[in-house]
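Okay, here's what each chain looks like letter by letter:
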Amino acid sequence: NLEDLAFNESIEVTFTISGAELTAGAAGSYMAGVGYADSSWAFQHWVDGNAAGDTTVTGNGTYTATLYVSQSISGAAVFVVDILGMAADIVDLTAVTVTVDSVVVN
């Protein structure tokens with residue numbers, strides 16, 4: 001039932017990164033956030049590093065990013081936690097694991 005997913009305040013994703021060895025000279029600080037689009041692509045938010053709820057990722061560790069919405073959302077959706085520019089600075093992407101620890105919908 002697509003209407004079982006509904007929220008009108010925020011969605012908060014806590015995730016843990018491990019195995020992310022950064023290259024020499026890497027930026028070492030990357031903005032991350034929750035990107036979202038509904039099934040009609042009418043409501044969208046893609047991470048730009050400037051939104052409330054975006055977080056700074058500095059490598060291995062546990063982080064929380066939150067998407068705040070300005071309207072009630074329901075139905076089919078696409079979500080992504082996007083970390084801007086980090087992949088290019090990782091020595092071996094195959095060594096990286098990411099675990100979603102929790103998702104809180106308000």
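See the structure printed just above.
What comes next is a walk through the structure. (Residues numbered from 1 in each chain as written. Predicted model: local features only at pLDDT ≥ 70, side-chain atom pairs only at ≥ 80, totals over all residues. Heavy atoms only, no water.)

### Comments concerning the sheet that holds strand β6 (residues 61–68)
Strand order in this open sheet of 3 strands is β6-β2-β9, and the pairing throughout is antiparallel. Every interior strand has two partners, whereas the edge strands, β6 and β9 (97–105), have only one. Pairwise comparison of adjacent strand axes, ignoring direction, gives a mean angle of 20° for this sheet. Here strand β2 (residues 10–18) pairs with β6 via 8 bridges, running antiparallel. From the neighbouring strand, I17 faces β6, where its bridge partner is G61. (Pairing = 2+ DSSP bridges. Helix = DSSP H or I, 4+ residues; strand = E, 2+ residues; numbered from the N terminus. Axes fitted to C-alpha atoms, helices over the stretch in contact; angles between N-to-C directions.)

### So, the nonpolar core
Formed by 17 residues in total, the largest nonpolar core has its most connected members in F15, I17, V34, V57, L67 and M86. Elements with a minimum of two residues in this core: β2, β3 (30–38) and β6. (Core = buried A, V, L, I, M, F, W, Y, C linked by side-chain atoms within 4.5 Å. Buried < 20%, exposed > 50% of the residue type's maximum accessible area, 1.4 Å probe, protein only.)

### A word on a nonpolar patch on the surface
Side chains of W41, W46, V78 and V80 sit close together on the surface and give an oily, nonpolar patch of about 370 Å² of accessible area. Mapped onto the elements of the fold, W46 is located in the loop between β4 (44–45) and β5 (55–57). (Patch = residues over 30% accessible without salt bridge, like charges linked within 9 Å, V, L, I, M, F, W, Y side chains within 5 Å. Areas by Shrake-Rupley, 256 points an atom, 1.4 Å probe, with all protein chains shown as cover. Salt bridge = Lys/Arg side-chain N within 4 Å of Asp/Glu carboxyl O.)

### A look at the side chain of D89
Tracing the backbone through its elements, the reader meets D89 in the loop between β8 (77–83) and β9. Those residues in contact with D89 that sit more than four places away from it in its chain are E21, L22, T23, A26, A27 and Y30. (Contact = heavy atoms within 4.5 Å.)

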